[in-house]
Amino acid sequence: MKRCPKCNFLNEDFAATCGSCGASFFGPGIIRKFKDPNTNLYAKYALVLGIISIPLIYLCLGWITGATAIAFGIVAKYKIKKSQGTQAGGTMAMIGIVLGIIGVGAAVALLIYAALMTDPVVCRLPESLEIYLNEKGNN
Ligand SMILES: [Zn+2]
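Residues numbered from 1 in each chain as written. Predicted model: local features only at pLDDT ≥ 70, side-chain atom pairs only at ≥ 80, totals over all residues.

The name an unreviewed UniProt entry gives the protein chain is DUF4190 domain-containing protein, with Acetivibrio thermocellus as the organism.

Attention now goes to the UniProt feature "transmembrane region" (unreviewed entry) in the protein chain. Summarizing the sequence annotation, UniProt attributes the feature "transmembrane region" (unreviewed entry) to residues 45–76 and 88–116 in the numbering used throughout. Helix makes up 84% of residues 45–76 and strand 0%, whereas the separation of the span's terminal C-alpha atoms amounts to 9 Å. Between the end C-alpha atoms of residues 88–116 there is a gap of 44 Å, over a span that is 93% helix and 3% strand. (UniProt positions renumbered as here; feature names shortened; annotations may be inferred. Helix = DSSP H or I, 4+ residues; strand = E, 2+ residues; numbered from the N terminus.)

Remark: helix 2 (residues 41–56) packs on helix 3 (residues 62–82), axes separated minimally by 8 Å, with the N-to-C direction vectors making an angle of 160°. One element, helix 2, and the other, helix 3, form an angle in the roughly antiparallel class. Handedness of the crossing formed by helix 2 with helix 3: left-handed. Residues Tyr42, Ala43, Tyr45, Ala46, Leu49, Gly50, Ile52, Ser53, Ile54 and Leu56 of helix 2 touch helix 3, and the partners they reach there are Gly62, Thr65, Gly66, Thr68, Ala69, Phe72, Gly73, Val75, Ala76, Lys79 and Ile80. Across the contact of helix 2 with helix 3, the residue classes break down as 13 nonpolar, 7 polar and 1 charged. (Axes fitted to C-alpha atoms, helices over the stretch in contact; angles between N-to-C directions. Parallel < 35°, antiparallel > 145°, perpendicular 65-115°, else oblique. Left-handed = near helix turned anticlockwise from the far one by under 90°. Contact = placed C-beta atoms within 7 Å. Nonpolar A, V, L, I, M, F, W, Y, C, P; charged D, E, K, R; others polar.)

Let us look at helix 3. The α-helix advances 3.6 residues per turn, and as a result positions three or four apart in sequence lie on the same side. Here helix 3 is 21 residues long and its end C-alpha atoms lie 30 Å apart, about the 30 Å a rise of 1.5 Å per residue gives. Taken together, the buried positions of helix 3 are Gly62, Trp63, Thr65, Gly66, Ala69, Ile70, Phe72, Gly73, Ala76, Lys77 and Ile80. Turning to helix 3, the residues buried within the fold contact helix 2, strand 4 (87–88) and helix 4 (90–116). Gln84 occupies a position one or two residues after helix 3 and carries a positive phi of about 55°. (Expected span 1.5 Å × (residues − 1). Buried ≥ 20, exposed ≤ 12 C-beta atoms within 10 Å, placed from the backbone.)

A separate point is unusual backbone geometry. A positive phi is found at Asn8, a non-glycine position, where the angle reads about 70°. Structurally, Asn8 can be placed in the loop between strand 1 (2–3) and strand 2 (10–11). We note that Gln84 has phi near 55°; this positive angle belongs to a residue other than glycine. Relative to the elements of secondary structure, Gln84 occurs in the loop between helix 3 and strand 4.

Within the largest apolar cluster, 15 residues are counted, with the highest numbers of intra-cluster contacts made by Tyr42, Ala43, Ala46, Ala69, Phe72, Ala76 and Ala93. Contributing elements (two or more residues each) for this core: helix 2, helix 3 and helix 4. Looking at this core, the element that brings in the most residues is helix 2, giving 6 residues. Contact partners of Phe72, with chain neighbours within four places excluded, come to Tyr42, Tyr45, Ala46, Leu49 and Gly96. With 5 residues, the next largest nonpolar core counts Leu56, Trp63, Val104 and Ala107 among its residues. (Core = buried A, V, L, I, M, F, W, Y, C linked by C-beta atoms within 7 Å.)

Pasting the structure below:
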């Protein structure tokens, strides 16, 4: 037996509609009840931007994606909290925030390094890094 969610009438297990009120057991309302909560879009963006910001540290662009990941992560966390369980992705948002902090933190660390060192070239493109390493190897 299955109980109609609308009127509580007990129907046969094979019934597609309620025998009392006619409500469909395959309607969008029923499906929504058993569907997993949607992953918040901002949480997905935060995670992707957070991941991207790690390799971008080498190009001095990690802070841009990092800061955006933090902002999106905070928005996601807020929206998920307000959704009362219909939205998921809290962990995803958190990872995005952490990776974003690493991206921004690395940029700050590189800035401090650049300020302290006489060699101002901190962020090297892969090509210039290769040249740098070759020069080091030749010396
Ligand atoms: Zn019913």
